Amino acid sequence: MEVDFLLIGQGLAGTVLSHRLLQLGKKVAVIDLPSANQSSRIAAGLYNPITGKKMVKTWNADLLFPEIEPLYSELEELLGTTFLYRKNIYRPFLNIEEQNEWMGKTGEPGFEPYFEKIFSKEVYPEAINPFGGILLKNSGYLDINTLLSAYSAYLKNNNLLLEEKFEEDFLEVQEGGFNYQGLYAKGIVYCNGLGAMKSRYFSFLPFAPVKGEILDLVQDFYPEEIINRGVFRISLPNGNQRVGSTYTWHDLDQGPTENAKNELLDKLEKLVPAPVQSIQNHRYGIRPATKDRKPFLGEHPAVSGVYIFNGFGAKGVSLIPFYSKMMVEMLLNGDQPEKEVNIDRIKKT
């Protein structure tokens, strides 16, 4: 079998990049072991244009957000299933000063695409929001697990998926490309999250893995909007609520922890104090974040044809649609990614 590109990993990065390449008529094969996609498959999938305690536009929002919904809608049509949920985000104000600040900020240039409405009084009696809040638009969440499963089936149906563990020792560099156990590729792209840390090609990159935990639970409050302050709370189609997420750089080798569960429940109580009737699921994943919180795009500095598309951390749903287009331009035309995300910014030692 001969292909233009062999992609390692079918998490969200590998899914979107392979889709873009296939749409352009390129021959692609993907190596993936679904059980290894823990980071993508447990992620909450939230995309949110205004983030952080200071409520600022997320990095590169004006470039990223126009690409998000069109790309995932295109994949929904291709795969014949639903996984994109467009939802406004309601973020309560903490005090009258914050309310006044955001009443003024909504008129500033560049914010209008993300603001739906400002409320100066309580919106939800079930939530703690005495000063009202801001309703954001161009937001929502992606059911990543449904997307990955449907796309995996699509790849299998088209004989494009090798459902196995990638063994780099079997990868041979040859003139004009690579041989992986009889599969010949002109280029190889590492989209395998933290697996790239163990690669002989990309172990020099400064990944900074982050553990995140989320809860699916039952609570008597089912708003249409995502409620987000301290934690996010998403009303799911099955009637449950999803609450997350924790962030820790420690205890990366442990599974779901009691400390994280209690942290999420404490923060939830400060947002929505209604009793939690039951916890349906408690999951965790190790995100392939980077030290500077910018993804890794580029070609290996010494070995032509070996690329990486990786390091998207907790914001992969927002970042990947835009940066996959940039990565395609590199793979097909040799265009260098911008400095902020290009691995050239990292000095190999």
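Scope of this entry: the structure provided in the associated data block. Numbering of residues starts from 1 in each chain and follows the order in which that chain's sequence is written. Per-residue local features are limited, in this predicted model, to residues with pLDDT of at least 70; the limit for side-chain atom pairs, both in listing and counting, is 80 or more; totals at the level of whole chains, interfaces and linings are taken over all residues. For the side-chain quantities, the full set of heavy atoms in the structure was used; hydrogens and water were omitted.

Helix and strand definitions here come from DSSP, where helices need a minimum of 4 consecutive H or I residues and strands a minimum of 2 consecutive E residues; each element is numbered from the N-terminal end. Within the chain, the secondary structure is distributed over 7 helices and 21 strands. With C-alpha atoms as the basis for the radius of gyration, the globule rule is written as 2.2 Å multiplied by the number of residues raised to the power 0.38. Here the C-alpha radius of gyration of the chain, 21 Å, is about what a compact globule of 349 residues would show, namely 20 Å. Expressed along its principal axes, the backbone C-alpha trace of the chain runs to roughly 70 × 45 × 45 Å. Exposure is judged per residue with a 1.4 Å probe applied to protein chains only, and the accessible area is read against the type maximum: over 50% gives exposed, under 20% gives buried, and values in between give partly exposed. Put simply, the chain has 349 residues, and 54% of those count as buried. When contacts within the chain are restricted to residue pairs at least 6 apart in sequence, those whose partners lie at least 24 apart make up 71%. A 1.4 Å probe and the Shrake-Rupley method give the accessible areas. Residues count as covered only by the protein chains that appear here. Only carbon and sulfur atoms are counted for the fraction: they give 48% of the accessible area of the chain, which is about 15,800 Å². Any pair of residues with heavy atoms lying within 4.5 Å of one another is described as a contacting pair.

Should a side-chain nitrogen of Lys or Arg be within 4 Å of a carboxyl oxygen of Asp or Glu, the pair is scored as a salt bridge. Here the structure, examined in full by the defined rule, presents 15 salt bridges. With a shortest N-O distance of 2.9 Å, Lys-87 and Glu-224 are connected by a salt bridge. Here Lys-87 is found in the loop between β6 (84-86) and β7 (89-92), whereas its partner Glu-224 is found in the loop between β15 (210-219) and β16 (226-229), with 137 residues between them in sequence. The closest approach of N and O atoms between Lys-267 and Glu-263, which form a salt bridge, is 3.2 Å. On the criterion of helical spacing, the pair formed by Lys-267 and Glu-263 is a turn pair, its members being 4 residues apart in helix α6 (residues 258-271). Residue Glu-263 is classed as partly exposed on the basis of its relative accessible area of 32%. Sharing partners across several salt bridges, the network here consists of Asp-216, Arg-242 and Arg-283.

As a further point, take the sheet that holds strand β8 (residues 115-119). What holds strands together in a sheet is hydrogen bonding between their backbones, with the strands either parallel or antiparallel. DSSP calls a pair of strands paired once it identifies at least 2 bridges connecting them. What the 8 strands build is an open sheet, ordered β8-β9-β7-β16-β17-β18-β15-β19; its pairing is mixed. Taken across any chain shown, the strands that pair with only one partner, and hence form the sheet edges, are β8 and β19 (276-287). Strand-to-strand twist in this sheet, taken as the mean axis angle between neighbours without regard to direction, amounts to 20 degrees. Sheet topology note: the β15/strand β18 (residues 241-244) ladder contains 4 bridges and is antiparallel. Bridge pairing links Asp-216 to Arg-242 in β18. With respect to the sheet, helix α4 (residues 96-105) is in contact with β7, β8, β9 (133-136) and β16, its orientation differing from that of β8 by roughly 145 degrees. Axes, fitted as lines to C-alpha atoms, cover a helix only where it is in contact. Angles between the N-to-C directions of the axes lie from 0 to 180 degrees. Packing of α6 onto the sheet brings it into contact with β7, β15, β16, β17 (231-235), β18 and β19, and relative to β15 it is tilted by some 55 degrees.

The linkage connecting Gly-244 with the following residue, Ser-245, adopts the cis geometry, with an omega of -5 degrees. Its identity is not glycine, yet Arg-293 carries a phi of approximately 60 degrees, on the positive side. Structurally, Arg-293 can be placed in the loop between β19 and β20 (296-299). A residue is classified by how much of its surface remains accessible, and Arg-293, at 66% relative accessible area, is exposed.

Right, let's get into the nonpolar core. To qualify as a nonpolar core, a set must consist of buried Ala, Val, Leu, Ile, Met, Phe, Trp, Tyr and Cys residues joined through side-chain atoms within 4.5 Å. Counting residues in each nonpolar core, the largest one holds 65 residues, and the members touching the most others are Leu-17, Tyr-72, Val-189, Phe-309 and Tyr-323. Tallying contributions element by element places helix α7 (residues 316-333) first for this core, with 10 residues. Setting aside anything within four residues of it in sequence, one finds Tyr-323 in contact with Trp-59, Asn-60, Leu-64, Leu-297, Phe-309, Phe-312, Glu-338 and Val-341.

It is worth spelling out α4 at this point. Glu-98, Gln-99, Trp-102 and Lys-105 are the residues of α4 that are buried. In a view along the axis of α4, the buried residues occupy a sector of 130 degrees, so they form one face of it. Polar contacts here mean pairs of N or O atoms no more than 3.5 Å apart (in protein, one a potential hydrogen donor and the other a potential acceptor; neighbouring residues in sequence count only if both atoms are side-chain atoms). Its side-chain oxygen 3.3 Å from the backbone nitrogen of Glu-97, Asn-95 forms the N-cap of α4. Working note: the arc is built from the helix axis to C-beta atom directions.

Here Glu-168 shows up in the loop between β11 (161-162) and β12 (171-174). Within the structure, the side chain of Glu-168 is placed 2.5 Å from the side chain of Tyr-190, a separation counted as a polar contact. In contact with Glu-168, other than residues within four places in its own chain, are Tyr-190, Lys-198, Ser-199, Arg-200 and Tyr-201.

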